[in-house]
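Report on the structure
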Amino acid sequence: MNEFFVKGMALLGAGIAMVAGFGAGIGQGYAAGKGAEAVARNPEAVNEIRSTMILGIALAETTGLYSLVIAILLMFLKG
Amino acid sequence: MDINKMNHLLINVNGYTLKINAPVLNWLIVCIVFSVIFILLGNVVKKANPKEKPSKKVVVIESIVNVVLSILRSNLGKHAEKYVPLFGTILFVMITSNLLGLIGLQSPTSNIGVNLVLGIFYFLVIQYTALKSNGLKGRVKGLFEPMAFLFPLNLLGELALPLSLSIRLFGNILSGSIIMMLIYALMNYLGVFGILGFTVAPVLHMYFDVFSGFVQGYVFMMLGSFFLGEQLEK
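Residues numbered from 1 in each chain as written. Chains lettered and ligands numbered in written order. Predicted model: local features only at pLDDT ≥ 70, side-chain atom pairs only at ≥ 80, totals over all residues. Heavy atoms only, no water.

So, the overall build of chain B
Operational definition: Secondary structure elements follow DSSP: runs of H or I no shorter than four residues count as helices, runs of E no shorter than two count as strands, and numbering proceeds from the N terminus. Between buried and exposed lies partly exposed: a residue is buried under 20% and exposed over 50% of the maximum accessible area for its type, with that area taken using a 1.4 Å probe on protein chains only. Contacts between residues were defined by any pair of non-hydrogen atoms, one from each residue, lying within 4.5 Å. Here the accessible surface of atoms and residues is derived via Shrake-Rupley with a 1.4 Å probe, and residues count as covered only by protein chains that are part of the display.
Scanning chain B for helices and strands turns up six helices and two strands. Helices and strands in chain B line up, N terminus first, as β-β-α-α-α-α-α-α. For chain B, the C-alpha atoms occupy an extent of roughly 65 × 60 × 45 Å along the three principal directions. Of all 234 residues assigned to chain B, the portion counted as buried reaches 39%. For chain B, the share of sequence-separated contacts (at least 6 apart) that also reach a separation of at least 24 residues comes to 68%. By element, 72% of the accessible surface of chain B is carried by carbon and sulfur atoms, the whole surface being about 14400 Å².

Here is the structure:
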């Protein structure tokens, strides 16, 4: 196992780790869609809906960011 | 891969070398500036006479405090006023430090050390509040609810809080700054056509620094107050 193999595999792993962005994207899109529905149903509550939606989206983003941190660690420590 | 070549400050103390990374240095500067500003503004408010017509400064300060208070009320209820100084400071320092990327400095929050310290600080505040409001017995009992075998999960949930808060902030701000770094590197690489970057970069700065910075500052404060509100007595 030479050095280049480790490097290549680490970079490949970083790429594969970012597949987690798929789930985060779906979750965020779902939250935004439901937020739009809620605004259409109840236009007066738009401010509360917006802040709740942003909070939910930021929470859904977390799983994607975990994978981002793993990818960054792989790239900068091994790549 | 410039992340290992981050500029840093070296301080020599009796032969020992102290290395301070640029994000941490920026964090210290933001904190000192905010301390001075808050102390000065606090003096202005303290001197104001509540019976007279308020001056312009006092009105602005009051409206800022009211914004923070209205956000906190939904999570903390009647305890909101007690926690305005803590969460208000966190909100303003966080937003300012996220916006530092706009003037070419490294955001303090793109350093995991700064974020982890903030996360651990939240953890300590929340655990202290929980102990104070429930007592030691009630706190330990709370960990075994709703069923005894869920104890490890509950414990893990408590310990995951600082980690998840700090990694969320770190990932968001760092990814923004890396993308901006790549855009500028691309501008450099394209030569004359790099001028096109001047049309793209401001838009991306708006999203990654301004929007992301505000949202993450808001979310950091909101989640902290949410978890704190769960532990407070109603």
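Some details on the overall build of chain A
The number of helices and strands found in chain A is three helices and zero strands. Helices (α) and strands (β) of chain A occur, in sequence order from the N terminus, as α-α-α. A principal-axis box enclosing the C-alpha atoms of chain A has dimensions of 65 × 15 × 10 Å. When burial is assessed residue by residue, chain A has 23% of its 79 residues classed as buried. In chain A, the share of contacts with a sequence separation of at least 24, taken over all contacts with a separation of at least 6, comes to 78%.

Thoughts on the packing of helix H1 (residues 3-17) of chain A against helix H3 (residues 46-77) of chain A
Between two packed helices, both the angle of their axes relative to each other and the distance between the axes serve to describe the pair. Residues and elements named next belong to chain A. Counted only if it meets this: For helices, the fitted line uses only the C-alpha atoms of the stretch in contact; every axis is such a line through C-alpha atoms, and the angle between N-to-C directions lies from 0 to 180 degrees. Working rule for angles: under 35 degrees goes down as roughly parallel, over 145 as roughly antiparallel, 65 to 115 as roughly perpendicular, anything else as oblique. We call Asp, Glu, Lys and Arg charged. Ala, Val, Leu, Ile, Met, Phe, Trp, Tyr, Cys and Pro are nonpolar, and the rest, Gly among them, are polar.
Two elements in contact, H1 and H3, have axes separated by 8 Å at closest approach and are oriented at 170 degrees. Here H1 lies roughly antiparallel to H3, going by the angle between them. Every residue of H3 that contacts H1 at Ala-10, Leu-11, Gly-13, Ala-14 and Ala-17 is listed here: Ser-67, Ile-70, Ala-71, Leu-74 and Met-75. Here the contact of H1 with H3 is built from residues that sort into eight nonpolar, two polar and no charged.

With respect to the layout of surface pockets
Residue and element names in this part refer to chain B. So the rule is basically this: With a 1 Å grid laid over protein atoms only, a set of points is called a cavity when a 1.4 Å probe fits there but cannot get out and a pocket when it is open yet has protein on both sides within 12 Å along at least five of seven lines; lining residues have an atom within 4 Å of a point. Grid points are joined across faces, edges and corners, and a volume is the space filled by probe spheres set on the points.
Within this model, the second largest pocket holds a volume of roughly 490 Å³. Around the second largest pocket, the lining is made up of 17 residues, and of these Phe-38, Ile-61, Ile-64, Val-65 and Phe-92 lie nearest the centre. Every element with two or more residues in the lining of the second largest pocket is listed here: helix H1 (22-47), helix H2 (56-76) and helix H3 (80-99). For the lining of the second largest pocket, the residue count by class is 13 nonpolar, three polar and one charged.

With respect to the packing of aromatic side chains
The geometry of an aromatic ring pair is captured by two quantities: the separation of the ring centres and the angle between the planes. All names here are of chain B. Filter applied, for reference: Each pair of aromatic rings taken from Phe, Tyr and Trp, with Trp reduced to its six-membered ring, is defined by centres within 6.5 Å and is described as stacked if the planes are under 30 degrees apart, edge-to-face if over 60, and tilted in the remaining cases.
Tallied over the full model, the rule gives eight aromatic pairs over all chains. Their ring planes at 50 degrees and their centres at 6.4 Å tell us that Tyr-83 and Phe-87 sit as a pair that is tilted. Of this pair, Tyr-83 and Phe-87 both sit in helix H3, four residues apart, which is roughly one turn of that helix. The same class applies to Tyr-83 and to Phe-87, which are both buried. Ring geometry for Phe-226 and Phe-227: centres 5.5 Å apart, planes at 70 degrees, overall edge-to-face. With relative accessibility at 38%, the residue Phe-226 sits in the partly exposed group. Relative accessible area serves as the criterion here: at 29%, Phe-227 is assigned to the partly exposed category. Site record: aromatic cluster; members linked through ring pairs are Tyr-83, Phe-87, Tyr-122 and Phe-220.

Side note on the confidence of the model for chain A
What counts is decided by this rule: Scored from 0 to 100, pLDDT reflects the predictor's confidence in each residue.
Scored by pLDDT, chain A has a mean of 89; 100% of the residues are at 70 or more. For chain A, H3(A) is the element with the lowest average pLDDT, namely 87, and helix H2 (residues 21-41) of chain A is the one with the highest, namely 93.

Considerations on the pattern of salt bridges
Residue and element names in this part refer to chain A. Let me state the cut-off plainly: When a carboxyl oxygen of Asp or Glu lies within 4 Å of a side-chain nitrogen of Lys or Arg, that pair is called a salt bridge.
In this structure the tally under the stated criterion is four salt bridges over all chains. For Glu-37, the salt bridge is made with Arg-41, and the minimal N-O distance between the two is 3.9 Å. Remark: Arg-41 and Glu-37 occur in helix H2; sequence separation between them is four residues, near one turn of the helix. What makes Glu-37 partly exposed here is its relative accessible area of 40%.

Focus on the interface of chain B and chain A
Frequently, the measure chosen for interface size is the accessible area that the parts lose on association. Inclusion rule: The buried area of a pairing is the accessible area, by a 1.4 Å probe, that goes missing from both parts when the two are put together, added over both. Pairing of N or O atoms within 3.5 Å defines a polar contact, subject to two protein rules: one partner must be a possible hydrogen donor and the other a possible acceptor, and residues neighboring in sequence count only if both atoms are side-chain atoms.
Contacts between the two partners involve 18 residues from chain B, matched on the other side by 14 residues from chain A. Interface area for chain B against chain A, summed over the two sides, is near 1400 Å², with a carbon-plus-sulfur share of 81%. Scanning the region where chain B abuts chain A turns up zero salt bridges. Taken together, the links from chain B to chain A amount to one residue pair in polar contact (both at pLDDT 80 or more).

What to know about a nonpolar patch on the surface
Residues and elements named next belong to chain A. Test applied: Surface patches are defined over residues having more than 30% relative accessible area and no salt bridge, joining like charges when they lie within 9 Å and nonpolar side chains (Val, Leu, Ile, Met, Phe, Trp, Tyr) when within 5 Å.
Together, Met-1, Phe-5, Val-6, Met-9, Leu-12, Ile-16, Val-19, Phe-22 and Ile-26 give the surface a local cluster of nonpolar side chains, amounting to about 1000 Å² of exposed area. Looking at the nonpolar patch, the elements that each hand over two or more residues are H1 and H2. With five residues, H1 is the single largest residue contributor to the nonpolar patch. Within the element layout of this structure, Phe-5 appears in helix H1.

Describing the packing of H3(B) against helix H4 (residues 112-143) of chain B
All names here are of chain B. One way to put it is that H3 packs onto H4 with a least axis distance of 13 Å and a crossing angle of 170 degrees. Judged by the angle between their axes, H3 and H4 are roughly antiparallel. Residues Lys-82, Tyr-83, Leu-86, Phe-87, Ile-90 and Met-94 of H3 form the contact with H4, whose own contacting residues are Leu-118, Phe-121, Tyr-122, Val-125, Thr-129 and Lys-132.

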